[in-house]
Amino acid sequence: MSWVTFIAVGFVVWWVVIFAALPFGLRTQDDKDEVTLGTVSSAPHGPHILKVVIRATLITAAIMGAYYYLSTEWGIGIDSIPRIVPELSQQR
């Protein structure tokens, strides 16, 4: 895998992780009993995007580091994943 492909895959993994990690640690205005007039009570209490970005970056670095280690040291890569769907033969 080239470095460009590795960075592209890392970018996609980062986006998946950021959307998966977004709700963790989120406190709503209703949880804090400080609902701002004109907003719904389920709106976030305060911005926490920097924490989510840092958390997603660290998780992505761990995932990509593990993948890099497995692919270089053990030779395990994308091609090593077994086929899930069997090939259909043309038998009649």
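The structure displayed is predicted, hence computed values, not measured ones. (Residues numbered from 1 in each chain as written. Predicted model: local features only at pLDDT ≥ 70, side-chain atom pairs only at ≥ 80, totals over all residues. Heavy atoms only, no water.)

## A look at the overall build of the chain
This is how it is decided: Secondary structure follows DSSP: runs of H or I at least 4 residues long count as helices, runs of E at least 2 residues long count as strands, and numbering of each begins at the N terminus. Note on classification: 1.4 Å probe, protein chains only; a residue is buried when its accessible area is under 20% of the maximum for its type, exposed when over 50%, partly exposed between these limits. In this description, contact between two residues means that some pair of their heavy atoms is separated by no more than 4.5 Å. Accessible areas in this description were obtained via Shrake-Rupley with a 1.4 Å probe; residue shielding takes into account the shown protein chains only.
Each helix and strand in the chain was counted, giving three helices and zero strands. Along the chain direction, N to C, the helices and strands of the chain fall in the order α-α-α. Counting all 92 residues of the chain, 15% fall into the buried class. Relative to all contacts within the chain whose residues are 6 or more apart in sequence, the contacts with residues 24 or more apart total 54%. For the chain, the accessible surface area stands at approximately 7,800 Å², while carbon and sulfur atoms represent 67% of it.

## Concerning the nonpolar core
Quick reminder of the rule: We define a nonpolar core as any set of buried Ala, Val, Leu, Ile, Met, Phe, Trp, Tyr and Cys residues linked to one another through side-chain atoms lying within 4.5 Å.
Core analysis: the largest hydrophobic core is formed by five residues, namely Trp-14, Val-17, Ile-18, Val-52 and Ala-56. The set of elements that each furnish at least two residues to this core consists of helix H1 (3-21) and helix H3 (49-74). Among the elements that take part in this core, H1 stands out by supplying three residues, more than any other. Among residues more than four places away in sequence, those in contact with Val-52 are Ile-18, Ala-21 and Leu-22.

## Some points on the side chain of His-48
By the secondary structure assignment, His-48 is in the loop between helix H2 (29-32) and H3. If we ignore the near neighbours within four places in the chain, the residues touching His-48 are Leu-22, Phe-24 and Leu-26.

## Regarding a negative patch on the surface
Quick note on the threshold: What makes a patch is a set of residues exposed beyond 30% relative accessible area and free of salt bridges, joined within 9 Å when like-charged and within 5 Å when nonpolar (Val, Leu, Ile, Met, Phe, Trp, Tyr). Basic side-chain nitrogens of Lys or Arg form a salt bridge, by our definition, when they fall within 4 Å of a carboxyl oxygen of Asp or Glu. As used throughout, the charge tally considers Lys and Arg to be positive and Asp and Glu to be negative, leaving His and the chain termini uncounted. To locate a charge, take atom NZ for lysine, CZ for arginine, CG for aspartate or CD for glutamate.
Among the surface-exposed residues, Asp-30, Asp-31, Asp-33 and Glu-34 lie close enough to one another that they form a single negatively charged patch. Mapped onto the elements, Glu-34 comes out in the loop between H2 and H3. On the basis of relative accessible area, Glu-34 is assigned to the partly exposed category, the value being 48%.

## Comments concerning the packing of aromatic side chains
Any two aromatic rings considered together are summarised by their centre-to-centre distance and by the angle between their planes. We apply this condition: Each aromatic pair joins two rings of Phe, Tyr and Trp (for Trp, the six-membered one) with centres within 6.5 Å, and gets the label stacked for planes under 30 degrees apart, edge-to-face for over 60, and tilted for any other angle.
Summed over all chains, the structure comprises seven aromatic pairs. A centroid spacing of 5.7 Å and a plane angle of 80 degrees characterise the contact between Trp-3 and Phe-6, whose relative ring orientation is edge-to-face. Placement of both Trp-3 and Phe-6 in helix H1 is noted, with a separation of three residues, approximately one turn of the helix.

## With respect to the environment of Asp-30
In this structure, Asp-30 sits in helix H2. For the pair Asp-30 and Ser-42, spaced twelve residues apart in sequence, the C-alpha separation works out to 6.2 Å. Among all residues touching Asp-30, those that are not within four sequence positions of it are Val-35 and Ser-41.

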